[in-house]
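# Descriptive structure summary
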Amino acid sequence: MSGTPRYYVPHSSVWPIIGSIALFVTAFGAVNFIQQSTDKVATEGEFGALIFYAGLAMVAFMMFGWFRVVIMESMQGLVSRQLDRSYRMGMVWFIVSEVMFFAAFFGTLFYARVISVPWLAGAGHRLETHLLLWPDFADVWPLFMTPGGEGTQAMGAWGLPLINTMILVTSSLTVTFAHWALKKGRRGALIVWLATTVTLGFTFLTLQVVEYIHAYSELGLSLGSGIYGSTFFMLTGFHGAHVTLGAIMLTVMLLRCIKGHFTPDNHFAFEAASWYWHFVDVVWLFLFTFVYWF
Amino acid sequence: MSAHADNIPSSRHPLVSYIARWLLTTNHKEIGTLYLCLSFTLFFIAGAFAMIMRLELFAPGIQFTQPDFYNQLVTMHGLIMVFGVVMPGFVGLANWMIPLMIGAPDMALPRLNNFSFWLLPFAFTLLLSTLFMEGGAPNFGWTFYAPLSTTYGPPSTDFFILGVHMMGISSVAGAINIIVTIINLRAPGMTLMRMPLFVWTWLITAFLLIMVMPVLAGVVTMMLTDRHFGTSFFEASGGGDPVLFQHIFWFFGHPEVYIMILPGFGIASQIIPTFARKRLFGYRSMVYATVLIAVLSFVVWGHHMFTTGMPLFGELFFMYATMLIAVPTAVKVFNWVATMWRGSMTFETPMLFAIAFVMMFTIGGLSGLMLALVPADFQYHDTFFVVAHFHYVLYPGAIFGTMAAVYYWLPKWTGHMYDERLGKIHFWVAAFAVNLTFFPMHFSGLAGMPRRIVDYSVQFADFNMMSSIGAGLLGLTQVLFLYIVVKTIRGGQKATAQVWEGAEGLEWTVPSPAPFHTFETPPVIAAEED
Ligand code: HEM
Ligand SMILES: [Cu+2]
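Quick notes on the rules
- Residues numbered from 1 in each chain as written.
- Chains lettered and ligands numbered in written order.
- Predicted model: local features only at pLDDT ≥ 70, side-chain atom pairs only at ≥ 80, totals over all residues.
- Heavy atoms only, no water.
- Contact = heavy atoms within 4.5 Å.
- Buried area = accessible area lost by both parts, 1.4 Å probe.
- Salt bridge = Lys/Arg side-chain N within 4 Å of Asp/Glu carboxyl O.
- Polar contact = N/O pair within 3.5 Å; in protein donor to acceptor, adjacent residues only side chain to side chain.
- 1 Å grid on protein atoms, 1.4 Å probe; cavity = no way out; pocket = protein on both sides within 12 Å on 5 of 7 lines; lining within 4 Å.
- Points joined across faces, edges and corners; volume = space filled by probe spheres on them.
- Helix = DSSP H or I, 4+ residues; strand = E, 2+ residues; numbered from the N terminus.
- Nonpolar A, V, L, I, M, F, W, Y, C, P; charged D, E, K, R; others polar.
- Buried < 20%, exposed > 50% of the residue type's maximum accessible area, 1.4 Å probe, protein only.
- Near = heavy atom within 4 Å.

It is worth spelling out the interface of chain B and chain A at this point. Taken together, the contact pairs 73 residues of chain B with 68 residues of chain A. Between chain B and chain A, a total of about 6000 Å² is buried, with carbon and sulfur atoms accounting for 72% of that surface. One can count one salt bridge joining chain B with chain A. With a shortest N-O distance of 2.8 Å, Arg111(B) and Glu73(A) are connected by a salt bridge. At the surface where chain B touches chain A, the tally comes to 16 residue pairs in polar contact (both at pLDDT 80 or more).

All names here are of chain B. Under the definition given, this model contains three cavities of 30 Å³ or more. Taken as a whole, the largest cavity holds about 150 Å³ of empty space. In terms of lining, the largest cavity is formed by 15 residues, of which the most central are Met 87, Pro 88, Val 91, Ser 170 and Ser 171. Looking at the lining of the largest cavity, the elements that each hand over two or more residues are helix 3 (67-102), helix 5 (157-184) and helix 6 (197-228). Sorting elements by how many residues they give to the lining of the largest cavity places helix 5 first, with six residues. For the lining of the largest cavity, the class distribution of residues is 12 nonpolar, three polar and no charged.

So, about the pattern of salt bridges. Residues and elements named next belong to chain A. Under the defined criterion, the tally for this structure stands at nine salt bridges over all chains. Among the salt bridges present, the one from Arg 88 reaches Glu 271, with a minimum N-O distance of 3.0 Å. Linking Arg 88 in helix 3 (residues 81-120) with Glu 271 in helix 8 (residues 268-293), this pair joins segments that are 183 residues apart in sequence. With relative accessibility at 23%, the residue Arg 88 sits in the partly exposed group.

Residue and element names in this part refer to chain B. As a matter of local geometry, ligand 1 sits amid 23 residues, with Trp 142, Asp 377, His 381, His 389 and Arg 451 nearest to it. At 2.8 Å from a nitrogen atom of ligand 1 is found a side-chain nitrogen or oxygen belonging to His 389. One nitrogen or oxygen atom from the side chain of Arg 451 is found 2.8 Å from an oxygen atom belonging to ligand 1. Elements that contribute at least two residues to the shell around ligand 1 include exactly helix 7 (242-259), helix 11 (349-372) and helix 13 (384-414). Looking at which element gives the most residues to the shell around ligand 1, the answer is helix 11, with six residues.

Below you can see the structure in the form of structure tokens.
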């Protein structure tokens, strides 16, 4: 970990511009894809999906290339303690920004439950909307019936969601065990614990898919079933996307552990991935409490 | 172990390696320059939209633009000025100056820095291309309230949404870089409380960016799903609420307006001591005031929504919280004035812009206070009075702040002095024109002229004519600014390292122009008694 005393300023790099182009292609493709596959059509044809997936492939290529360079620098000992600190702080602030992203959706959930749904049901000084537009609308949560008359059943908390909670909490523990093993230099234990974590992660995702199928086909709960369905799928969906990302990160870490990239005192990438994993875990605990339970 | 941009094989065509250099650079100075060039380019584009609007409003009646096109201009003007001009302009200054001011070799994460910049030209391509799309560009104002942007938005709205996502990624990545640079890369001895105020204000600004840009991303995502996937976030018949959009938007939006002014505060706090040849009055209180403003900015968003029928408690809370922000703001204004008090002042162009910043920002702050009064805002809301308010804080505030910074640091960047006589002409004409443009808007607003409407009643004709004449003049002076900057880049009197007689700080210890790499080994800052 001695590294160079100087702060390493990299050579000019092609990866960022590839990343910018990749995101541009993805964004452009996404809009066309969405417009072509839903009602509001601005463009004809079906090229949107193609561009979108091409963009995603470019993003993946960029990340592969970019991280490869960073890993090589790290293995050459170019990463000074100070640079290591920069990476750590960068990761922490990135997670803070992710927290705020979820905060927007949790804010929406609380607003709907505490303010807009009661108001629509005639609470406070909002009687006119209720009386004139939707006199039959009642304030219950989960919202079985929207003001407009869209019905759904609620997703219970004590079946799959509870199992999923236990899976994620366990995986947070196993990733910590893996970290301890790494710090003690016990590779065998490290790989076992990390592999367990990855498995738990993908199990969670599989169960989440099962739950979505259940919601759509049996409960009639969809994105279109009013604010309950909207917040349900937005929150669990983005959480699921983050779990996917975290699980991919951990899988990469597993491969790198197997290749022997990490040493007991130089394994920032591993730590970053595990911080991210803890973050998704904590978000899930909030989800379980406010989306499923209460 | 330092990097050089010349690792690109020289066998290539010079044009290719020139382009490659700017595309691939990881150098904070080059990236700073790129940001500033982008900001300046978009300034003229968004400015051109404003010129068309003022031409239309020169006289009552509909002359040149159809109402829908006028709305598109209003929207694009606002969006580009906010996200494409003010923010990248400040980020460009941060890139150039923060490493120089804290004695760092570069930004902490140089590759990420390149990524943050190069996302922006693509994002604005996406945004500007909407003007040529079927159904026209977004036409719902820079605040894109639902349901105008959800149920009634044109198809191009989706491009706008993805464009906002790209800008958001760019801003968050840029902000992370700035925070990490400031916290981790300060030279030994550069304690937090010895940092120049520009660095301090940017530290707080970057924090605000990280906290609110993701919220903006969240709200545009909800727009997208409301538009296409049947969700009802902003749709009452599904249990949602269009007013919820406004809450989330302004939770982002109010901190955003401070994002657009705090670096300006920092710039004024650098320039005024230099030309008053005195130390900044009340350094500590400046720092605390900045922190307090940032904290309070999270709890005042409701002042944009007084007329949405919030419960009384909400109106009162947001009114008092908003008025509270005026206190730290006033502390700052007091400190700038106290710094000038009995100083040996000279009035070079940067100082002129800085003084104008203080004076006219204060006018904007005062009209803000008027708007913060709930009963008064019931009258003023959505009139030109609001337009006058925010243009006073943004044009002579954010834009003059940026211009002051450009004049102040241009010699450091280019190695040449700008033409002082032309600079002064630029300042005086701009200061006159800015007031001619925006001061009458107070009156037309108080008299009841609504904002964002293509036509108006004849009684507002005189005020509007004045505004339009002022706007034309203001636009022209910025062409002069362009000329001055280009001229300085190409040549001029050689600048010394210190440039300004009264200037203090690390950036003035390196030669002008600042070499490609500075502070590869950190300078040591001698302790000085505070
Ligand atoms: C003393 C400080 C300030 C106070 C008390 C204040 C207060 C207000 C209030 C109450 C409004 C809402 C008016 C309405 O829509 O009815 C408003 C609007 C606005 N303010 Fe301020 N403000 C202050 C400083 C600033 C600063 C520093 C900026 C930006 C640099 C700014 C930018 C804006 C903008 C852009 C709007 C209009 C948003 C829109 O509806 O398009 N304000 N301000
Ligand atoms: Cu505000």
